[in-house]
Amino acid sequence: MRFFALPTLRARLLVLLCIVTVLFGGLLIYSAFDLRSREALRTQQNALTLARLISDVQLRYIEEARNLLPLLAQLQQETLATGGSSCDLVLAELLANYSHYATLGVIGLDGSVRCSALPVSANTNLADRSYFQRALETGAFAVGDYQVGRITGVRSVNVALPLHDDQGRANGVLFAAMDLARLSKNLAEVDLPADTTITLIGAGGVVLARYPRSEGGLVGQSASQWPIHQRIMATGREGTAETTDHLGVDRLYAFTPISAISEHDAYVSVGIPAGTAYRDLNQLFQKDIWLMLLVIAAANIIAWLGCDRWLLQPLAGLKRASEALQAGNLEARTELQPETAEIAQLAATFDAMADSLQTRYATILAQDSALQRSHRALKTLSGGNRALIRAQNEQELLDEMCRVAVEVGGYEIAWVAYAEHDAAKSVVPIAQRGFDLDFLREAKISWADTGAGQGPTGIAIRSGEPYIARDFQTNPKYRLWHDRSLQHNIHSAIALPLQSNGTPFGAFTIYSSDPAAFDAGEQAILQEMAEDMAFGIKTLRMRQHHDAAQQQIQQMAFYDTLTGLPNHIQFQEIMDANIHTRDESNSTFALLVIGLDRFRDVNTTLGFEAGDRVLSDTGLRIQSVLAEGELLARLRGDEFAVLLPEATSSSAAARAEKLRQDLSELYVLDGFALAVNASIGITLFPEHGRTREQLIQRADVALQQAKYSGIGQAVYSKEYDEHKSYQLALAGRLHRALEKGELTLYYQPKISMASGQIVGFEALARWFHPWDGMIRPDVFIAVAEATGMIRALSSWVTETALRQLSQWRELGVRLPIAINLSPRNLQDAMLLESMERSFSRWQLERGMLEIEVTENAIAENTEQVGANLLRLGDLGIPVFIDDFGTGYSSLSTLKALPFSAVKIDKSFVLEMLDDKDAAAIVRATIKLAHDMELTVIAEGVENAAVWDALKDLGCDSGQGFYMGKPMPEDEVTKWLATSSWGLRQ
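Here the residue index of a chain counts from 1 through its sequence in written order. Totals for whole chains, interfaces and linings use all residues, but because this is a predicted model, local features are given only for residues with pLDDT of at least 70 and pairs of side-chain atoms are given and counted only at 80 or more. Only hydrogens and water are set aside when side-chain values are computed; all heavy atoms of the structure are taken into account.

### As for the overall build of the protein chain
- Here a strand is any run of E in DSSP of at least two residues, a helix any run of H or I of at least four, and the numbering for each starts at the N terminus. Counting secondary structure elements, the protein chain contains 32 helices and 31 strands.
- A buried classification covers 47% of the 985 residues belonging to the protein chain.
- Carbon and sulfur atoms make up 53% of the accessible area of the protein chain, which totals about 48300 Å². Buried means the residue's accessible area, taken with a 1.4 Å probe over protein chains only, is under 20% of the maximum for its type, while exposed means over 50%, and partly exposed covers the values in between. The Shrake-Rupley method, run with a 1.4 Å probe, gives the accessible areas here. Residue values count only the displayed protein chains as cover.

This is the structure we're talking about:
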């Protein structure tokens, strides 16, 4: 069959070229489009992951409110029901501790505001708000729409909980408004692509939040006409889309609903400029397309012109010449005249010449060194192209290129070096084949214009042009290489610069045993190989950058940015997987929730940076002692979680004790030793719960019990839930007790051992509850510490003592009163400012009010504690160390802070007559305090024998039942007049 019935060789060649061009070009274009599609899909998935992460942040705040509102409703039931200024004050104090809420309030059944943390106008009515209506309709926790608050004036989403009276009837709605400005604060910490916008769209298409802040002017406007909003409404679920924004800018959008908010009427959308999202991909795609088109066009032009010039005309001339040569005419020359059916006409002549030409061609090929060199370079280039396609990373590519040059191309040595931009302009070997890298490193080659930079590699990098060196064994210029060149039979070298955007960043250097190597043809081929290598390096680096970006997004979604540990999202998934696995195999595991004690004090005194360092160090300490299969995660704030597979109650408790010991070691921050202890709550699957929520919630209950009891760790028990309920109820009663005046101060006298007369009183808080009777001070003070009411309690004690001093002054009694401050009080600058104002208002003399603090309150001697104690000294308020000998204070602490006296703990005083060690401690304390010019007061003086013993040791004052018990205000005056210890008339 004739080949398409085409008469000429030219026509046949052109048809074949077109077919090959179309097939090959189509394959390349298809591959380019397919690669772009896959990369575009990955970019869209990255944007959708970011949108889901933002949505999860919103849901986490709603879940926090779901836990807070029932607790507040239980603690403040009566206050919230009655409203008024007391309710406003409670909500305002709570709002100060939760910065991400815009306001808190209570709405009556008619929609009027009963009380609010922020001022509200009298005619404000919220009956039309969705959260209010949903809470009353469902009788449970409800989430409203995203909106602009009438009270706060800021964008927020409100959550609500119905309040009930004793008969279970609804009597109001407690609500909290979560400030959407929190979204911008979170997003400021995320590394977003340039010009990325993040929009929160609420019901009706209203823009509720917009990032960045520069576009905040869109907030409150309608987005119903925006193409992306129309796409979201049509889709009704999460997804991605490429469309224009309201300004006509092309963007890649990812959107997802916030499912906890009324049937998907709120969405988060992330908009990345299409030019930014696909910039690198489009640039690479366009470059590939243009390169393919250029190659195809050049190949067709060359084939079209070369077909006649280099193929057909020589064939015609060859036919005539072969005929003449066959006839014996050695002077015959070719004439380049086109003919038809050339192959058929030349066939007979060519067959006659074939045998002799084959023999002569083999001889010429063996003798033609230039052709051999080009052939060798071509083999090297071909092997390098295969390396470019297969290499997975930069080092693999460079190693393979060097191997190809030596093992495939037959060169003696090949190596790749990168240029350093240090003072010496060093050249660093990266890959080699033919000898080891030690010599290259020891040679200290440079690309500077100095003696060390005159080798081929240095010159090529410096000039940006290929450099060929010959006479390698004799030329003085290359004396550094003479020994090695003789050892490896090297006579010539070529150094080819590796360039990016026209700037050399390294060189590919090849050495040959051929003195005449690297002629123009060989150089051109090897230079093409070096250019391909530079392109491959750039492509691999770009791929590595994309992979790193993807990994960063994955890290942000499932790992804590501070500690690098799995976050609560990933930990919940792991918990669910373990529950499913263990449930099927009837096996068990333990959950440990670890909380740092007094961590808030670290942040408030040393700063958040120090707190972050403590959290990071805590994660490292826990991780270092975990066994294989045990998992650590950071749940929230200062809480960590550990999952122990196949654990029992006893083994989990032993593991928890070991962790507490490891965490009790001092943390060293900038030379400052800090003690941060930990408490641990423990739950077991399935004994304490069969769901992730139950196990975590009950571990948290056990953690709170461990902190409250002081034992440091606790395994969950139903009794802890009951105890926690009692604590919450007692906290509510304490708040009402302060309002209704149920607390009172008792006064215990302090007697001078030198004169036997009274020198002052210590004020002690007492609570007589109408139903429960006397409640121990250690119980209600601990509740006040745990619930944050200690400031209100201490303010009441201070104000009551100052009022009593003023009344006594009018009666002519001038005796100081000492009050006690807790460790938290010493960190509270606001309480001390209030004390300053009260002290100034009553116009009392200096020294009439005294402060007693325990050793533990000053053990760390933080800057804040020291500053507050100095402020008390400036007010003329003496400070005593209470319970001395039972804490952790040091001599340096006593010396550095402005103390006036120490009070020896009664545990030593009560036993000093029967216990030699206790007597020695009392004796040493008195001597030490006097040496430091401090007054000594002994607590627990119960009889005359102890009084006499203390007096003999030189103790200054005493306090105890022997001289006088704590007494109420109305008995103090009578005691002063009748007791032998009282005031002398």
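### Some words on the confidence of the model for the protein chain
- Every residue gets a pLDDT, meaning the predictor's confidence in that residue, from 0 to 100. Summarising the model, the protein chain shows a mean pLDDT of 80, and 83% of its residues fall at 70 or more.
- Here helix 9 (residues 342–367) is the element of the protein chain with the lowest mean pLDDT, 48, and strand 31 (residues 957–959) is the one with the highest, 95.
- Throughout residues 336–341 the model reports pLDDT below 50, and contacts reaching past four residues in sequence, or to other chains, amount to nine contacts. For this analysis, residues touch if any pair of their heavy atoms sits within 4.5 Å.

### A short note on helix 3 (residues 84–97)
- Relative to the 20 Å expected for 14 residues at 1.5 Å per residue, helix 3 spans 21 Å between its end C-alpha atoms, a close match to the ideal helical length.
- Looking at helix 3, one finds that the buried residues are Cys 87, Val 90, Leu 91, Leu 94 and Leu 95. The buried residues of helix 3 occupy an angular sector of 135 degrees when projected down its axis, which confines them to one face. Every exposed residue of helix 3 that faces more than 90 degrees away from the buried side is listed here: Ser 85 and Ala 96. Take the number of residues in a helix, subtract one, and multiply by 1.5 Å to get its expected span. Note: the arc covers the axis-to-C-beta directions of the helix.

### Focus: the state of the cysteines
- Cysteine sulfur atoms are paired as a disulfide whenever they come within 2.5 Å of each other. Per the counting criterion, the structure on display carries one disulfide.
- The residue that forms a disulfide with Cys 87 is Cys 115, at a sulfur-sulfur distance of 2.0 Å. Of the two residues, Cys 87 sits in helix 3 while Cys 115 sits in strand 2 (residues 113–116), which places them 28 residues apart along the sequence. Across this residue pair, the class does not change: Cys 87 and Cys 115 are buried.

### Some thoughts on the nonpolar core
- Ile 851 and Leu 950 are the most contacted members of the largest nonpolar core, which has 76 residues in total.
- The element best represented in this core is helix 23 (residues 790–810), accounting for eight residues.
- Apart from the residues within four sequence positions on either side, Leu 950 is in contact with Met 753, Val 909, Met 912, Val 922, Ala 938, Val 941 and Cys 955.
- Among the buried residues, those of types Ala, Val, Leu, Ile, Met, Phe, Trp, Tyr and Cys that are joined through side-chain atoms within 4.5 Å form a nonpolar core. In this structure, Cys 115, Ala 176, Tyr 211 and Ala 266 belong to the second largest nonpolar core, which totals 50 residues.

### Comments concerning the packing of aromatic side chains
- Centre distance within 6.5 Å is the pairing criterion for rings of Phe, Tyr and Trp, where only the six-membered ring of Trp is used; planes under 30 degrees apart are then read as stacked, over 60 as edge-to-face, and the remainder as tilted. A complete count under the given rule lists 12 aromatic pairs for this structure.
- With a centroid separation of 5.2 Å and an interplanar angle of 45 degrees, the aromatic rings of Phe 761 and Trp 808 are classed as tilted. With Phe 761 in strand 24 (residues 758–769) and Trp 808 in helix 23, the pair connects residues that are 47 residues apart, well separated along the chain. No difference in accessibility class separates Phe 761 from Trp 808, as the two residues are buried.
- Summarising the aromatic geometry, the rings of Tyr 962 and Trp 981 are spaced 5.7 Å apart at their centres and angled 70 degrees between planes, so their arrangement reads as edge-to-face. Placement of the pair is Tyr 962 in the loop between strand 31 and helix 32 (969–978) and Trp 981 in the segment after helix 32, with a sequence separation of 19 residues.
- Owing to a relative accessible area of 32%, Tyr 962 belongs among the partly exposed residues under this scheme.
- Owing to a relative accessible area of 14%, Trp 981 belongs among the buried residues under this scheme.
- Clustering of aromatic rings is evident, with ring pairs tying together Tyr 747, Phe 761 and Trp 808.
- For the cation-ring pair, Lys 425 lies above Trp 447, with the distance from its terminal atom to the ring centre recorded as 4.8 Å. By definition here, charges over rings are those cases where NZ of Lys or CZ of Arg is within 6 Å of the ring centre and within 35 degrees of the ring normal.

### Focus: helix 20 (residues 692–709)
- Taking 1.5 Å of rise per residue, the 18 residues of helix 20 would be expected to cover 26 Å, and the 26 Å separating its terminal C-alpha atoms lies within 8% of that figure.
- All buried positions along helix 20 are accounted for by Arg 692, Leu 695, Ile 696, Ala 699, Asp 700, Val 701, Ala 702, Leu 703, Gln 705 and Ala 706.

### Focus: the sheet that holds strand 22 (residues 713–715)
- Strand order in the open sheet made by the five strands is 17-18-16-21-22, with mixed pairing throughout. The open sheet has two edge strands, strand 17 (631–636) and strand 22, and neither has a second partner. Recorded for the sheet is a direction-independent mean angle of 20 degrees between the axes of neighbouring strands.
- Pairing of strand 21 (residues 678–685) with strand 22 involves three bridges; the strand directions are parallel. If you follow Gly 681 over to strand 22, its bridge partner there is Ala 714.
- Against the sheet, helix 18 (residues 608–625) makes contact with strand 16 (589–596), strand 17 and strand 18 (639–645), and its axis sits at roughly 10 degrees relative to strand 18, the strand it touches most. At least two bridges found by DSSP between two strands is the condition for calling them paired. What counts as an axis is a line fitted to C-alpha atoms, over the stretch in contact for a helix, and the angles between N-to-C directions run from 0 to 180 degrees.

### Quick notes on the environment of Val 701
- Its place among the elements puts Val 701 in helix 20.
- A C-alpha to C-alpha distance of 9.3 Å links Val 701 and Ala 714, two positions 13 residues apart in sequence.

### Details of the packing of helix 18 against helix 19 (residues 649–663)
- Closest axis-to-axis distance for the helix 18/helix 19 pair is 10 Å, and the angle between their directions is 135 degrees. Put simply, helix 18 runs oblique to helix 19. Here the hand of the crossing between helix 18 and helix 19 comes out right-handed. The segment helix 18 lies against helix 19, with Thr 618, Arg 621, Ile 622 and Val 625 engaging Arg 655, Lys 658, Leu 659, Asp 662 and Leu 663.
- As a working rule, the residues Ala, Val, Leu, Ile, Met, Phe, Trp, Tyr, Cys and Pro are called nonpolar, Asp, Glu, Lys and Arg charged, and the rest polar, with Gly in that last group. Looking at the contact of helix 18 with helix 19 residue by residue, the classes come out as four nonpolar, one polar and four charged. Any angle that is under 35 degrees is reported as roughly parallel, and any over 145 degrees as roughly antiparallel; angles of 65 to 115 degrees are reported as roughly perpendicular and all others as oblique. Should the near helix be turned anticlockwise from the far one by less than a right angle, the crossing is termed left-handed; should it be turned clockwise, right-handed.

### Quick notes on the pairing of strand 17
- Of the pairings in the sheet, the one linking strand 17 to strand 18 comprises five bridges and is antiparallel in character. Opposite Leu 631, over in strand 18, you have Leu 643 as the bridge partner.
- Linking strand 17 back to strand 18 in an antiparallel pair, the connection comprises two residues, with Gly 637 at a positive phi of about 50 degrees.

### Looking at unusual backbone geometry
- Residue Pro 686 is reached from Phe 685 by a cis peptide bond, and omega for that bond is 5 degrees.
- Here Pro 686 is to be found in the loop between strand 21 and helix 20.
- One non-glycine residue, Asn 501, lies in positive phi territory at about 55 degrees.
- Among the secondary structure elements, Asn 501 is positioned in the loop between strand 14 (492–500) and strand 15 (503–512).
- Positive phi is not limited to glycine here, since Glu 646 has a value of about 55 degrees.
- Looking at the secondary structure, you find Glu 646 in the loop between strand 18 and helix 19.

### With respect to the pattern of salt bridges
- One side-chain nitrogen of Lys or Arg within 4 Å of one carboxyl oxygen of Asp or Glu is enough to make a salt bridge. By the definition in use, this model includes 30 salt bridges.
- As a salt-bridge pair, Arg 150 and Asp 128 come within 2.5 Å of each other at their nearest N and O atoms. Of this pair, Arg 150 sits in the loop between strand 3 (142–148) and strand 4 (155–164) while Asp 128 sits in the loop between strand 2 and helix 4 (130–138); the two residues are 22 residues apart in sequence, bridging distant segments of the chain.
- The closest approach of N and O atoms between Asp 165 and Arg 169, which form a salt bridge, is 3.2 Å.

### Section: the sheet that holds strand 2
- Strand order in the open sheet formed by five strands is 2-1-5-4-3, and the pairing between neighbours is antiparallel. Of all the strands in the sheet, just strand 2 and strand 3 have a single pairing partner and so form its edges. The sheet shows a mean angle of 25 degrees between the axes of neighbouring strands, taken without regard to direction.
- With six bridges joining them, strand 1 (residues 101–107) and strand 5 (residues 170–179) adopt antiparallel strand pairing. Within strand 5, the position partnered with Val 106 by the bridge is Leu 174.
- Taken strand by strand, helix 3 contacts strand 1 and strand 2, and its axis lies near 155 degrees from that of strand 1.
- On top of the sheet, helix 4 reaches strand 1, strand 3, strand 4 and strand 5; it is set at about 170 degrees to strand 3, its chief contact.

### Describing the side chain of Thr 380
- Looking at where Thr 380 falls in the secondary structure, it is placed in helix 10 (residues 369–390).
- For Thr 380, a relative accessible area of 0% puts it in the buried group.
- Setting aside its immediate chain neighbours within four residues, Thr 380 contacts Val 404, Ala 405, Gly 409, Tyr 411, Leu 526 and Met 529.

### Comments concerning the pairing of strand 24
- In terms of residue burial, strand 24 counts as a mostly covered element, since 10 of its 12 residues are buried.
- One ladder, built from nine bridges, connects strand 23 (residues 743–752) with strand 24; its direction is antiparallel. Counted as the bridge partner of Pro 749 is Phe 761 from strand 24.
- Hairpin connection between strand 23 and strand 24: a loop of five residues separates the two successive antiparallel strands, and Gly 756 in this loop has a positive phi of roughly 75 degrees.
- Strand direction decides the pairing type here: strand 24 and strand 26 (residues 817–820), joined by two bridges, are parallel. From the neighbouring strand, Glu 762 faces strand 26, where its bridge partner is Ala 818.
- Two strands pair when backbone bridges link them, and strand 24 and strand 25 (residues 773–775) are joined in this way by three bridges, in the antiparallel orientation. Across the sheet, residue Trp 767 finds its bridge partner in strand 25, namely Ile 775.

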